[in-house]
Amino acid sequence: MRPVSTPVVARSCRDRRGFTLLEILIVLAILGLLVGVLMTSINSGFFAAKEGVARLFVSTTVKVPLQVYSLHMGNYPSTEEGLKALVNAPAAKAERWKGPYLDDGKLPIDPWGETYLYRSPGVRNKTTYDIWSKGPDRQDGTADDIGNWSTEGTK
């Protein structure tokens, strides 16, 4: 009797270890797609959070300091005085000023590093004031501006 030997081709397929270049490229392509989708969702969530912070500031956070200022001074700061009046006493009525009205005593900046804009009397809130952020594009008067009129409504 002769010993049975296995064919060389069958042995080489069984002994093969590792991945081919094509398999590695497919895995890398799938990983790249997953990273792209993940980064897109993280970026959109990050921008939505920034917009939320700006909306919160213009609709509620600055409202109380401005109302307290108005109680002490008799009216809201003028457009010329702006939000600086919440930090530094205006020269005209310095004896009535009891500030600073902002906790840290500094002018607030929006999530994009720009100062908030202020106007009193407001164009959109005619009996009070308008306060807004220029938004992500940092351009005033564009569709992405975030102002207190979006939550209080146009009067």
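Before reading on, note that the structure itself is shown above.
Residues numbered from 1 in each chain as written. Predicted model: local features only at pLDDT ≥ 70, side-chain atom pairs only at ≥ 80, totals over all residues. Heavy atoms only, no water.

(A) Representation of the overall build of the protein chain within the structure. Scanning the protein chain from terminus to terminus reveals 4 helices and 3 strands. For the protein chain, the succession of helices and strands along the chain, N to C, is α-α-α-β-β-β-α. Long-range pairs, those at least 24 residues apart, make up 44% of the contacts in the protein chain with a sequence separation of at least 6. (Helix = DSSP H or I, 4+ residues; strand = E, 2+ residues; numbered from the N terminus. Contact = heavy atoms within 4.5 Å.)

(B) Fine view of the packing of aromatic side chains. This structure, assessed with the given rule, holds 6 aromatic pairs. With centroids separated by 5.6 Å and ring planes inclined at 75°, the aromatic side chains of Tyr 69 and Tyr 101 adopt a geometry described as edge-to-face. Of this pair, Tyr 69 sits in helix 3 (residues 63-73) while Tyr 101 sits in the loop between helix 3 and strand 1 (117-119), placing them 32 residues apart in sequence. We classify Tyr 101 as buried; its relative accessible area is 10%. Consider the rings of Trp 132 and Trp 149, whose centres lie 5.8 Å apart with planes at 50°: the pair is tilted. Of this pair, Trp 132 sits in strand 2 (residues 130-133) while Trp 149 is found in helix 4 (residues 149-152), placing the two residues 17 residues apart along the sequence. When its relative accessible area of 5% is taken as the criterion, Trp 132 is described as buried. (Phe/Tyr/Trp six-rings, centres within 6.5 Å; stacked < 30°, edge-to-face > 60°. Buried < 20%, exposed > 50% of the residue type's maximum accessible area, 1.4 Å probe, protein only.)

(C) Fine view of the environment of Leu 102. Mapped onto the elements of the fold, Leu 102 is located in the loop between helix 3 and strand 1. Judged by its relative accessible area of 12%, Leu 102 falls in the buried class. Note: C-alpha distance between Leu 102 and Leu 66 (36 residues apart in sequence) is 9.2 Å. Those residues in contact with Leu 102 that sit more than four places away from it in its chain are Pro 65, Leu 86, Val 87 and Pro 108.

(D) Local environment of the pattern of salt bridges. Under the criterion given, the structure shown has 3 salt bridges. For the salt bridge of Arg 138 with Glu 114, the shortest nitrogen-to-oxygen distance reads 3.9 Å. Linking Arg 138 in the loop between strand 2 and strand 3 (146-147) with Glu 114 in the loop between helix 3 and strand 1, this pair joins segments that are 24 residues apart in sequence. The partly exposed category is assigned to Arg 138, whose relative accessible area is 41%. On the accessibility criterion, Glu 114 (23% relative accessible area) is partly exposed. The shortest N-O distance in the salt bridge between Arg 119 and Asp 130 comes to 3.5 Å. In this pair, Arg 119 sits in strand 1 while Asp 130 sits in strand 2, placing the two residues 11 residues apart along the sequence. (Salt bridge = Lys/Arg side-chain N within 4 Å of Asp/Glu carboxyl O.)

(E) Structural view of the layout of surface pockets. Roughly 160 Å³ of internal volume is contained in the largest pocket. If you trace the largest pocket, you find it lined by Thr 79, Glu 81, Gly 82, Leu 83, Lys 84, Leu 107, Pro 108, Thr 115, Tyr 116, Leu 117 and Tyr 118. Each residue belonging to the lining of the largest pocket can be placed in one class, and the counts come to 6 nonpolar, 3 polar and 2 charged. (1 Å grid on protein atoms, 1.4 Å probe; cavity = no way out; pocket = protein on both sides within 12 Å on 5 of 7 lines; lining within 4 Å. Points joined across faces, edges and corners; volume = space filled by probe spheres on them. Nonpolar A, V, L, I, M, F, W, Y, C, P; charged D, E, K, R; others polar.)

(F) Here's a closer look at the pairing of strand 2. Side chains Asp 130 and Trp 132 project from strand 2 onto one buried face, and the interleaved Ile 131 and Ser 133 project onto a second face that is buried too. As paired elements, strand 1 and strand 2 share 3 bridges and run antiparallel to each other. Note that in strand 2 the partner of Tyr 118 across the bridge is Ile 131. Direction of pairing for strand 2 relative to strand 3: antiparallel, over a ladder of 2 bridges. Counted as the bridge partner of Ser 133 is Ile 146 from strand 3. (Pairing = 2+ DSSP bridges.)

(G) Focus on the nonpolar core. The biggest cluster of nonpolar side chains holds 20 residues, and the ones touching the most others in it are Val 62, Leu 66, Tyr 69, Leu 83, Leu 86, Tyr 116 and Ile 131. Elements that contribute at least two residues to this core include exactly helix 2 (21-61) and helix 3. Contacts of Leu 66, omitting those with residues within four sequence positions, involve Tyr 76, Pro 77, Leu 83, Leu 86, Tyr 118 and Tyr 129. (Core = buried A, V, L, I, M, F, W, Y, C linked by side-chain atoms within 4.5 Å.)

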